[in-house]
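Overview (structure and organization)
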Amino acid sequence: MHNKMLKELLGVNHRIIQAPMAGGITTPELAAQVSENGGLGMIAGGGLPPEKVKEAIRRTRKLTGKTFGVNLFVPMTFEVTETQVQKAYERLRPVHDEFGLKQADITPPRYEEAVHKFNDQIGTVIEAGVPVCSFIFGVPADVQMERLKEAGIITIATATTAEEAVAIESAGIDIVVVQGFEAGGHRGAFLKGSEDSQVGLMSLLSETVSRVNIPIVAAGGIMHGRNIAAALVLGAAGVQMGTAFLSVEESGAHNLHKNVLTESLNVPAVLTKLFTGRQARAVKNKFISEFKAFEEEMVAYPVQRSLTQAFQDASKAAGRIDYAMLLAGQGKYFARDLSARQLIEALAAETSEMGYEI
Ligand SMILES: Cc1cc2nc3c(=O)[nH]c(=O)nc-3n(C[C@H](O)[C@H](O)[C@H](O)COP(=O)(O)O)c2cc1C
């Protein structure tokens, strides 16, 4: 029943959502190609100012007449003092020195500004008439939910525990994405700390299926039709895939990022707070190993990001993976060098071999 409901709700032929991936990875070309081939293409709007979200929507619309969605970050409060920022910066100074970088701009962004930006991003999605809007790091406030509902927008939110999925359903969200421990990128935990929200997809799906009635989309380590079939067996209505789409031709991921997936087969994708202040799963590199001992000296999301962004960029520009943030899930072994269309076709065939349709 949920399968049909999910496809109808999203207006798609296949129950595959291409995960929104911030940082220029999910290009309009990628989102459009996924939608053109029956899945749901997603624009990663979270880090973008409203006018850039508008621009991405416009560019995607030029490439497809099919349904696609926009993803936004629910702002979270944070506490960071100037002293903590200075201390963290001092700890990171050797990396800046290695790349010849001057002291980064460490004016902490303000929470109130993030809330204002979030409101404007929602306004942009509504004005543009985008049919689907997904969220990570929480659920929008009641007033924002009302605006979205009034506009007839289908809402999706991310849960890392069954408890979060229950909260998402209670908030009136239409679809929940359950993000297993395997997942690449930032942990979406919002009720308890990320450390207390690390449930593997198999357990997370089973528990969530027992506790909520809205359609559940499985995410985390889904790279192959076999994974899709397994998620469907466990009661998922569909899947959301990030790392699998990261390596496709239309993805805007840096070549270093794409190559590391296929070349560093025996390097694990680990959880770290070092890049942004929030736990995220990334391919282990020199920075993660060297600074692991100092993780607690680093500052909260999103301030930590402004302390590391300059050397992340410099590392990539120098063709070095050492200090770059290479987000990826535990299923990275199965990353494929295909076009989005070829990947979706392969997934459809593999899932069908297991006796299921995508
Ligand atoms: C590079 C990268 C960037 C991501 N950026 C976002 C984002 O902007 N918004 C979001 O909701 N999820 C983001 N995610 C998480 C995905 O939505 C999803 O939970 C995850 O990719 C699933 O695990 P998988 O990578 O093993 O498929 C990102 C994941 C990756 C790998």
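Owing to the predicted nature of the structure, the values given are computational and were not obtained by experimental measurement.

Describing the overall build of the protein chain
Along its length, the protein chain carries 14 helices and 11 strands. Against the 2.2 N^0.38 benchmark of 21 Å for 358 residues, the protein chain shows a C-alpha radius of gyration of 19 Å, consistent with a compact globule. Restricting to contacts in the protein chain with at least 6 residues of sequence separation, those with at least 24 account for 68%. Only carbon and sulfur atoms are counted for the fraction: they give 51% of the accessible area of the protein chain, which is about 15200 Å². The protein chain carries 35 positive and 40 negative side-chain charges, and their two centres are separated by 3 Å.

Regarding the packing of aromatic side chains
The relation between two aromatic rings is expressed through the spacing of the ring centres and the mutual angle of the planes. A full pass over the atoms with the stated rule returns 11 aromatic pairs. For the ring pair Phe99 and Tyr323, a centre distance of 5.8 Å and an interplane angle of 85 degrees mean the geometry is edge-to-face. Linking Phe99 in the loop between helix H4 (82-98) and helix H5 (111-128) with Tyr323 in the loop between helix H13 (303-317) and helix H14 (340-353), this pair joins segments that are 224 residues apart in sequence. Like Phe99, the residue Tyr323 is buried in the burial classification. An aromatic cluster of three or more residues is present, and its members are Phe99, Phe275, Phe287, Phe291, Phe294, Phe311 and Tyr323.

Quick word on the sheet that holds strand S1 (residues 16-18)
Picture the strands of a sheet paired through backbone hydrogen bonds; they go either parallel or antiparallel. The strand order across the open sheet formed by 8 strands is S1-S9-S8-S6-S5-S4-S3-S2, and the pairing between neighbours is parallel. Two strands lie at the open edges of the sheet, namely S1 and strand S2 (41-44), each paired on one side alone. Each strand axis lies, on average, 25 degrees off the axis of its neighbour in the sheet, ignoring direction. Summarising the sheet, strand S8 (residues 216-219) and strand S9 (residues 238-241) pair through 3 bridges and their orientation is parallel. Bridging across to S9, Val217 finds its partner in Gly238. Lying over the sheet, H5 contacts strand S3 (68-73) and strand S4 (132-136), oriented at roughly 170 degrees with respect to S3.

Some points on the environment of Ile153
With respect to the secondary-structure elements, Ile153 resides in the loop between helix H6 (142-150) and strand S5 (154-159). The spatial distance from the C-alpha of Ile153 to the C-alpha of Leu10 is 10.0 Å, given a sequence separation of 143 residues. Ile153 has contacts with Val125, Ile126, Val130, Pro131, Val132, Cys133, Leu148 and Asp174, leaving out every residue within four places of it along the chain.

Considerations on the site of the ligand
The full set close to the ligand counts 21 residues, and Pro20, Asn71, Gly221, Gly242 and Thr243 are the nearest of them. At 3.3 Å, a backbone N or O of Pro20 approaches a nitrogen atom of the ligand. Here Gln240 contributes a side-chain N or O atom positioned 2.9 Å from an oxygen atom of the ligand. Residues that form the shell around the ligand fall into these classes: 11 nonpolar, 10 polar and no charged.

Thoughts on the side chain of Ser197
Within the element layout of this structure, Ser197 appears in the loop between strand S7 (185-186) and helix H8 (201-211). Discounting residues that sit within four places of it in the chain, Ser197 has contacts with Thr160, Thr161, Glu164, Arg187, Ala189 and Lys192.

Here we look at the pairing of strand S11 (residues 280-283)
Burial along S11 is two-sided: the face carrying Ala280 and Ala282 and the face carrying Arg281 and Val283 are both buried. Relative to S11, S7 runs antiparallel, the two being bridged by 2 bridges. By the bridge assignment for S11, Gly185 is matched with Arg281. Inspection of the sheet shows strand S10 (residues 269-272) paired to S11 by 4 bridges, in the antiparallel sense. Following the sheet pairing, Val270 is matched in S11 by Ala282.

Notes on helix H9 (residues 225-233)
Taken together, the buried positions of H9 are occupied by Gly225, Ile228, Ala229, Ala231 and Leu232. The arc enclosing the buried residues of H9, seen along the axis, measures out at 160 degrees, which places them on a common side. Those residues of H9 hidden inside the fold are in contact with S1, H8, S8, S9 and H14. Where H9 terminates, the next one or two residues include Gly235, which has phi positive at roughly 110 degrees.

What about helix H3 (residues 50-63)?
Here H3 spans 20 Å end to end across 14 residues, near enough to the 20 Å set by a 1.5 Å rise per residue. Buried residues of H3: Pro50, Val53, Ala56, Ile57 and Thr60, and no others. Projection of H3 onto a plane perpendicular to its axis shows the buried side chains occupying an angular sector of 115 degrees, all on one side. Exposed residues lying more than 90 degrees from the buried face of H3 are Glu51, Lys52, Lys54 and Lys62. Those residues of H3 that are buried lie in contact with helix H2 (28-36), S2, S3 and H5.

Describing the environment of Leu343
Its location among the elements puts Leu343 in helix H14. Between the alpha carbons of Leu343 and Val248 there is a distance of 7.7 Å; along the sequence they are 95 residues apart. Each residue touching Leu343, except ones within four places of it in the same chain, is listed here: Ala244, Phe245, Val248, Arg336 and Leu338.

The rules behind these values
Residues numbered from 1 in each chain as written. Predicted model: local features only at pLDDT ≥ 70, side-chain atom pairs only at ≥ 80, totals over all residues. Heavy atoms only, no water. Helix = DSSP H or I, 4+ residues; strand = E, 2+ residues; numbered from the N terminus. Rg over C-alpha atoms; globule rule 2.2 N^0.38 Å. Contact = heavy atoms within 4.5 Å. Areas by Shrake-Rupley, 256 points an atom, 1.4 Å probe, with all protein chains shown as cover. Lys, Arg positive; Asp, Glu negative; His and termini not counted. Charge placed at Lys NZ, Arg CZ, Asp CG, Glu CD. Phe/Tyr/Trp six-rings, centres within 6.5 Å; stacked < 30°, edge-to-face > 60°. Buried < 20%, exposed > 50% of the residue type's maximum accessible area, 1.4 Å probe, protein only. Pairing = 2+ DSSP bridges. Axes fitted to C-alpha atoms, helices over the stretch in contact; angles between N-to-C directions. Near = heavy atom within 4 Å. Polar contact = N/O pair within 3.5 Å; in protein donor to acceptor, adjacent residues only side chain to side chain. Nonpolar A, V, L, I, M, F, W, Y, C, P; charged D, E, K, R; others polar. Arc of directions from axis to C-beta. Expected span 1.5 Å × (residues − 1).

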